[in-house]
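Letter by letter, the chains look like this.
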Amino acid sequence: LKLTGSAHQKLIQEITKEQKSDDEVLYVRLTMELAEVVPNLSVSGRAPLTDDKEFEIEGIKILIHEKDLVYFDHAKLDYVSDLLGNKHFKLLKI
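Keep in mind the model is a prediction, meaning the values are calculated, not measured. (Residues numbered from 1 in each chain as written. Predicted model: local features only at pLDDT ≥ 70, side-chain atom pairs only at ≥ 80, totals over all residues. Heavy atoms only, no water.)

**Q** With reference to specific residues and values, describe helix α1 (residues 5-18).
**A** Look at α1: 20 Å from first C-alpha to last across 14 residues, which is about the 20 Å you get at 1.5 Å a residue. In this fold, the buried residues of α1 make contact with β1 (2-3), β2 (27-31), β3 (40-44), β5 (60-65), β6 (75-81) and β7 (87-93). (Helix = DSSP H or I, 4+ residues; strand = E, 2+ residues; numbered from the N terminus. Expected span 1.5 Å × (residues − 1). Contact = heavy atoms within 4.5 Å.)

As structure tokens, this is what we get:
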């Protein structure tokens, strides 16, 4: 998994918003839902689950459940605007 500049900036923004202290470790959890083609994002201090794979990408700790790894393999996470101006994360295959 790689990040575009806009995705990295948005993830840092979300982490900063949730962080209560400088020494708090937060994880970004990325999941895919069957009905959606965009990744879901949550920021939490909860420890990784047994089936989570942990990655550190550009200083961001990312958790992906092993069942979702196939979606994120050879992909780049981007943060884009659609035609109506709504912003969301999008996976680009690379």
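**Q** Mind laying out the sheet that holds β5, listing which residues take part and the relevant values?
**A** Strands pair in a sheet through their backbones, by hydrogen bonds, and they do so in one of two ways: parallel or antiparallel. Overall, mixed pairing links the four strands, which are arranged β3-β2-β5-β4 in an open sheet. Of all the strands in the sheet, just β3 and β4 (52-57) have a single pairing partner and so form its edges. If you compare each strand with its neighbour and ignore which way they point, the axes differ by 30 degrees on average. Pairing analysis gives five bridges linking β2 to β3, with the strands arranged antiparallel. By the bridge assignment for β3, R29 is matched with S42. Along the sheet, α1 contacts β2, β3 and β5; its crossing angle with β3, the most-contacted strand, is approximately 40 degrees. (Pairing = 2+ DSSP bridges. Axes fitted to C-alpha atoms, helices over the stretch in contact; angles between N-to-C directions.)

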